[in-house]
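# Close look at the chain arrangement
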Amino acid sequence: MTPDAGPGTPGAPVPDVPENGGADVERGIESVPEREVGVGPWEGDWPTGEQWDPELLREGDRRNVADPYRYWTLEAIVADLDTRRHPFHVAIENWQHDLNIGTVVRTANAFNAAGVHIIGRRRWNRRGAMVTDRYLHVHHHPTVEDFTDWAASEGLSVIGIDIFPDSVPLETFALPERCVLVFGQEGPGLSEEVHASAEATLSIAQYGSTRSINAASAAGIAMHAWIRQHVFGQRP
């Protein structure tokens, strides 16, 4: 007698498994429903003020924003962030439509950078940004020369982040308060043009077998280093 075909038997029917719970079902663990993001419609009398969005108050606010900004209009959030932007900028080279750019932009939003600058192609992959670019000031520079001219006009130090023979450790470098941190693309890294024009190029200490870390991860580390030095006063 042939036993009933189980899930691992060729030709057996494939069981219906929830997209977000397949692994847990196989282990016999009950899947946890996905947590609902945000808040529902405003309860009680509506607040007054220009920052409130009537549609969000009525329908609920499911955006990925911090709680103090719930039910605020996009314009009101940007205006409030503008009152306390940090004086560092972030620049990303975009010659090959790098998938990391969106994540770098999202991190720049988290640390409230003064601005984000796209060097090279105007179109960039926004998928990883999770619409956080709407809350930032994003600028485009078609060439490295255009970017460095802008930085000079603003009195900003250009600081490259990459591994070069003359790179110095980020961990021991005193980052200027007013600067622009520049990141290259995944693979080729920072271009020689940016390297040559940078006041300094910094490397991140690594202890494993890989030669370099992901560009988006490097950006997060560098931005947080600025925060530690200039917000928390932790000197290298």
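Below or above, wherever it landed, is the structure these notes cover. (Residues numbered from 1 in each chain as written. Predicted model: local features only at pLDDT ≥ 70, side-chain atom pairs only at ≥ 80, totals over all residues. Heavy atoms only, no water.)

### Regarding the packing of helix H4 (residues 101-110) against helix H7 (residues 215-230)
We count it as follows: A fitted line through C-alpha atoms represents every axis, and for helices the fit uses only the stretch in contact; the resulting angles, taken between N-to-C directions, go from 0 to 180 degrees. The secondary structure listing takes helices from DSSP runs of H or I that are at least 4 residues long and strands from runs of E that are at least 2 residues long, numbered from the N terminus. Should an angle fall under 35 degrees it is called roughly parallel, over 145 degrees roughly antiparallel, and 65 to 115 degrees roughly perpendicular, with every other angle called oblique. Definitions for this section: a left-handed crossing has its near helix turned counterclockwise from the far helix by less than a right angle. A right-handed crossing has that turn clockwise. Between two residues, a contact is recorded if the distance between any of their heavy atoms is within 4.5 Å. The nonpolar class holds Ala, Val, Leu, Ile, Met, Phe, Trp, Tyr, Cys and Pro. Asp, Glu, Lys and Arg form the charged class, and all remaining residues, Gly among them, are polar.
Running from N to C, H4 and H7 point in directions that differ by 20 degrees, and their axes come no closer than 9 Å. Between H4 and H7, the angle falls in the class roughly parallel. Note on packing geometry: the crossing formed by H4 with H7 is right-handed. Mapping the contact onto sequence places Thr103, Val104, Thr107 and Ala108 in H4 and Ala216, Ala219, Gly220 and Met223 in H7. Broken down by class, the residue content of the contact of H4 with H7 amounts to five nonpolar, three polar and no charged.

### Let's talk about the sheet that holds strand E1 (residues 86-94)
For the record, the criterion: Paired strands, in this sense, are two strands between which DSSP finds at least two bridges.
Spatially, E3-E2-E1-E6-E4-E7-E5 is the arrangement adopted by the seven strands of the open sheet, whose pairing is parallel. With one partner strand each, in any of the chains shown, strand E3 (138-141) and strand E5 (168-169) form the two edges of the open sheet. Pairing of E1 with strand E6 (residues 179-183), which is carried by five bridges, proceeds in the parallel orientation. Residue pairing across strands places Ile92 opposite Phe183, the latter belonging to E6. Along the sheet, H4 contacts E1 and strand E2 (113-120); its crossing angle with E1, the most-contacted strand, is approximately 175 degrees.

### Observations regarding the pattern of salt bridges
Going by this rule: Salt bridge, as used here, is a side-chain nitrogen of Lys or Arg placed within 4 Å of a carboxyl oxygen of Asp or Glu. Each residue gets one of three labels from its accessible area relative to the maximum for its type: buried under 20%, exposed over 50%, partly exposed in between, using a 1.4 Å probe on protein chains only.
Scanning the entire structure with this criterion turns up seven salt bridges. One salt bridge in this structure joins Arg58 and Glu59, with 3.5 Å as the shortest N-O distance. Here Asp133 makes a salt bridge to Arg126, at a shortest N to O gap of 3.6 Å. With a relative accessible area of 16%, Asp133 lands in the buried category. Within the structure, one salt-bridge network assembled from shared partners comprises Asp61, Arg63, Asp67 and Arg70.

### Examining a negative patch on the surface
Selection criterion: Exposure above 30% relative accessible area and the lack of any salt bridge qualify a residue for a patch; like charges then connect within 9 Å, and the nonpolar side chains Val, Leu, Ile, Met, Phe, Trp and Tyr within 5 Å. All accessible-area figures derive from a Shrake-Rupley calculation using a 1.4 Å probe, and residue coverage is judged against the displayed protein chains alone. For the purpose of counting charges, residues Lys and Arg are taken to be positive, whereas Asp and Glu are taken to be negative. His and the chain ends are not included. One atom stands in for each charge, and that atom is NZ of Lys, CZ of Arg, CG of Asp or CD of Glu.
Taken together, the side chains of Glu145, Asp146, Asp149 and Glu193 present a region of like negative charge at the surface. The residue Asp149 is located in helix H5 (residues 144-153) in this model. According to the relative accessible area criterion, Asp149 is partly exposed, its value standing at 48%.

### Brief notes about the pairing of E2
Put simply, the test is: Whether a crossover is right-handed depends on one test, that the path from the first strand over the helix to the second runs clockwise when the strands point away from the viewer.
Here E2 lies mainly inside the structure; seven of its eight residues are buried. One ladder, built from seven bridges, connects E1 with E2; its direction is parallel. In the sheet register, Val90 faces E2, and the bridge partner there is Val116. Once the chain exits E1 it traverses H4 before rejoining the sheet at E2, and the crossover so formed is right-handed. Note: E2 against E3, four bridges, orientation parallel. Within E3, the position partnered with Ile119 by the bridge is His141.

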